[in-house]
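Reading the structure
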Amino acid sequence: MNIIKIMDENKLSISLEGRLDTTTAPDLEKALEGSLDGVSELVIDMGGLDYLSSAGLRILLGAQKSMNKQGSMKVTNVNETIMEIFEVTGFADILTIE
Amino acid sequence: MEELTVDATVENIMQVTAFVDEQLEALDCPLKAQTQIDIAIDELFGNIAHYAYHPEVGAATVRVEVIEEPLSVVVTFIDDGIPYDPLARREPDVGLSAEEREIGGLGIFMVKKTMDEISYEYRDGKNILRIRKRLERL
């Protein structure tokens, strides 16, 4: 999985490419660690993401909880497979998906 | 029937996925079904890698079979680790807020929702977990 981070003042944009699964979720966790200080807007672009597993959901939940305390988070460009995962798991109600 | 036996480690999930995908591509499996099976491998083989032999490392076998009527692919995960029935786990409450949510059990829940059948048995000292996904003819 490729992770591209762009910081613009208080807005952090993260683009993901590939698969967010057991093998790659720790990479996203590391990319987020310490990067959310002072961030009031977090955007996770899933345009290049093929799919995610529960290991990825765990990281998204952690990020959402952090951002609930300090600003907002949204997830963009979600493909049909990933949207179904969000719906089945109730994440569609937890995340802001655009 | 094709079979692959490797050490049950997180590092080997990619190899197992590639092995199963190869069989699925030969079957002209629709991409969506393949993606759902790949996710199931991540959840199920990942579970074995994390828990079956912890803290040791042991082997796991992944078997791919095709059955007709209805055309389905069956993937079986076999390990000789500690007996563990993932289906016995209480289902997560998917209606809770972010603050109340727990991730435990979510992976197996997703697999149950996306596969047509899932079964577990413990036989001859082995955990045998089987998933079946129906393939629509294109």
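Whatever comes next refers back to the structure up there.
Residues numbered from 1 in each chain as written. Chains lettered and ligands numbered in written order. Predicted model: local features only at pLDDT ≥ 70, side-chain atom pairs only at ≥ 80, totals over all residues.

Right, let's get into the interface of chain B and chain A. Across the boundary between the two partners, chain B contributes 21 residues, which contact 19 residues of chain A. Every element with two or more residues in the side of chain B that touches chain A is listed here: α1 (13-26), α2 (31-52) and α3 (106-114) of chain B. The greatest single-element share of the side of chain B that touches chain A, amounting to seven residues, is contributed by α2(B). In the side of chain B that touches chain A, the residues fall into nine nonpolar, five polar and seven charged. (Contact = placed C-beta atoms within 7 Å. Helix = DSSP H or I, 4+ residues; strand = E, 2+ residues; numbered from the N terminus. Nonpolar A, V, L, I, M, F, W, Y, C, P; charged D, E, K, R; others polar.)

Right, let's talk about the sheet that holds strand β3 (residues 41-52) of chain A for a bit. Residues and elements named next belong to chain A. Strand order in the open sheet formed by four strands is β1-β2-β3-β4, with mixed pairing between adjacent strands. Each end of this open sheet is capped by a strand with a single partner; those strands are β1 (2-8) and β4 (72-76). For this sheet, the mean inter-axis angle between neighbouring strands, taken without regard to orientation, is 15 degrees. (Pairing = 2+ DSSP bridges. Axes fitted to C-alpha atoms, helices over the stretch in contact; angles between N-to-C directions.)

With that settled, the discussion passes to the packing of α1(B) against α2(B). Residues and elements named next belong to chain B. At a minimum axis distance of 10 Å, the contact between α1 and α2 shows a crossing angle of 145 degrees. Relative to α2, the crossing made by α1 is right-handed. In this structure, α1 contributes I13, V16, T17, V20, D21 and L24 to the contact, and α2 contributes Q34, I37, D38, I41, D42, F45, G46 and A49. Split into classes, the residues belonging to the contact of α1 with α2 amount to eight nonpolar, three polar and three charged. (Left-handed = near helix turned anticlockwise from the far one by under 90°.)

Residues and elements named next belong to chain B. Ranked by size, the top nonpolar core spans 57 residues in total, and within it V20, A40, I41, L44, F45 and I48 carry the most contacts. Among the elements that make up this core, the one with the highest residue count is α2 (ten residues). In this structure, F45 is in contact with I13, V16, A60, V62 and F77, ignoring residues within four places of it in sequence. (Core = buried A, V, L, I, M, F, W, Y, C linked by C-beta atoms within 7 Å. Buried ≥ 20, exposed ≤ 12 C-beta atoms within 10 Å, placed from the backbone.)

Scope: geometric values only; no functional claims are made or implied.
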